[in-house]
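# Understanding the architecture of this molecule
The lines below spell out each chain.
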Amino acid sequence: MSFMTGSPAEAALAQCKPPLFLFGFSHWKTFMHDWFPNHEVIFSRPNLLPLEFKLYWKRRILRDPRATVLAWQYKGPAGLKEFCRFYGIPFRYVEDGFIRSVEIGALRVPPLSLALESQDMYFNASAPSDLEDILRTYDFRADCALMARAKAAREKLLASRLSKYNSGQSVNITSIYGEKKKKRVLVIGQVERDASIRYGCMKKVTNNELVRLARNENPEAQIIYKPHPEVLKGTATAESNPELVRKIAMILDRDLSLADALESVDHVYTITSLSGFEALMRNIKVTTIGCPFYSGWGLTDDRQPNPRRDRILTIDEIFAAAYILYPKYFDPTAKTPIEIEQALDLLVEMRSGQVERTG
């Protein structure tokens with residue numbers, strides 16, 4: 001649909017970059033300018049009033065038929081997606097990818113990867129997503145090159161002991177867990193207000209409830225509880241007090257690397273955390289209480305069914321979808337698009353302090 005009334009206006013418009021409107025983005029996320037250098041990146045206020053969107057932003061978006069709209073998760077104004085669909089405006093939800101940074105996002109460190117989603121967020125178990133569609137329909141067996149690449153990248157990820165976030169300390173885990181004398185169960189804590197719990201669970205589950213479930217189902221095991229790094233760093237508040245489960249579980253009071261925390265573990269319990277998939281990559285049994293993207297494909301002990309997921313997949317097939325086909329990668333220092341292999345190399349360098357971190 002064109003809103004230009006004459007060739008001079010069209011010529012003037014052609015001299016400008018097409019606008020990219022961002023809704024629900026924190027203003028510190030200026031890295032979006034680097035990700036989209038061919039667009040005029042325009043930030044709205046993070047928390048718009050409905051009237052602001054209706055009276056100002058709708059009109060501004062419609063001024064230019066080249067406009068594109070992005071929303072951070074579901075933090076955009078109500079009706080944004082439907083408005084874009086009605087007017088034929090390209091729209092995507094945005095979220096961090098599964099290989100992110102050396103530090104947690106709450107410390108305002110730019111990500112190495114982003115997921116741009118056209119349907120619904122990948123953590124929303126009630127609706128299909130682009131990621132779920134890839135997992136449901138992609139012919140992995142026919143794509144030998146992709147599968148070889150996925151296997152090599154997964155092995156590289158494991159060998160480097162990297163994770164989505166890499167702020168945790170590396171330790172000799174035996175000095176913390178002690179000598180292994182019985183089954184060892186690790187409970188992965190999450191930020192309990194996190195959208196992945198709100199949209200990924202049929203009913204709300206707290207971290208303490210998850211610890212108690214792990215204890216009840218494994219009464220003879222050593223139960224270890226790893227709170228979320230943001231809770232340990234004080235950038236997020238725990239809704240359930242870890243002290244209330246200290247009698248039934250060892251609480252990891254330091255931000256340990258996930259690779260170390262998973263050492264010698266036999267079973268992981270999680271609500272919807274990506275850490276569950278990282279455990280699967282290490283051949284550890286995983287129980288999911290909610291419905292994360294990697295559940296329902298025959299690899300996890302699922303407590304929340306998802307009838308849309310009626311296919312059996314391998315670890316490498318899920319890895320190929322979630323880490324290669326679905327996200328985009330970007331070097332925040334060189335300011336250029338990269339692939340997963342380069343992102344892993346860059347994270348290793350960042351972790352060792354060889355690359356200056358930008359923010």
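In case you missed it, the structure is sitting above this.
These notes cover the structure that comes with them. (Residues numbered from 1 in each chain as written. Predicted model: local features only at pLDDT ≥ 70, side-chain atom pairs only at ≥ 80, totals over all residues. Heavy atoms only, no water.)

### Quick notes on the sheet that holds strand β4 (residues 91-96)
- Taken together, seven strands build an open sheet; the order of strands is β2-β1-β3-β4-β5-β12-β13 and the sheet is mixed. Looking at the sheet topology across the chains shown, the edges are occupied by β2 (40-43) and β13 (336-338). Sheet twist, expressed as the average angle between the axes of neighbouring strands with direction ignored, equals 35 degrees. (Pairing = 2+ DSSP bridges. Helix = DSSP H or I, 4+ residues; strand = E, 2+ residues; numbered from the N terminus. Axes fitted to C-alpha atoms, helices over the stretch in contact; angles between N-to-C directions.)

### Description of the nonpolar core
- If you look at the biggest cluster of nonpolar residues, it comprises 77 residues, and the most contacted ones within it are Leu 186, Phe 277, Phe 293 and Tyr 323.
- With eight residues, helix α13 (residues 315-325) is the largest single contributor of residues to this core.
- Ignoring any residue separated from it by four or fewer positions in sequence, one finds Phe 293 in contact with Phe 98, Tyr 122, Leu 131, Leu 135, Leu 274, Arg 309, Ile 318 and Ala 322.
- Counting 17 residues, the second largest nonpolar core, distinct from the first, contains Val 185, Ile 197, Val 245 and Ala 249. (Core = buried A, V, L, I, M, F, W, Y, C linked by side-chain atoms within 4.5 Å. Buried < 20%, exposed > 50% of the residue type's maximum accessible area, 1.4 Å probe, protein only. Contact = heavy atoms within 4.5 Å.)

### Things to note about the pattern of salt bridges
- In the structure shown here, the tally under the stated rule is 21 salt bridges.
- Of the charged contacts in the structure, one is a salt bridge between Glu 52 and Arg 45, with a shortest N-O distance of 2.4 Å.
- Exposure remark for Glu 52: the relative accessible area of 26% places this residue in the partly exposed category.
- Salt bridges sharing partners connect three or more residues here, namely Glu 132, Arg 308 and Arg 309. (Salt bridge = Lys/Arg side-chain N within 4 Å of Asp/Glu carboxyl O.)

### Details of the packing of helix α6 (residues 144-160) against helix α14 (residues 340-351)
- Relative to each other, α6 and α14 sit at 10 degrees, their axes nearing to 10 Å. Of the possible angle classes, the one that applies to α6 and α14 is roughly parallel. For the pair α6 and α14, contact is made by Arg 149, Ala 153, Lys 156, Leu 157 and Ser 160 and by Ile 340, Glu 341, Leu 344, Asp 345, Val 348 and Arg 351, respectively.
- Its residues assigned to classes, the contact of α6 with α14 shows five nonpolar, one polar and five charged. (Parallel < 35°, antiparallel > 145°, perpendicular 65-115°, else oblique. Nonpolar A, V, L, I, M, F, W, Y, C, P; charged D, E, K, R; others polar.)

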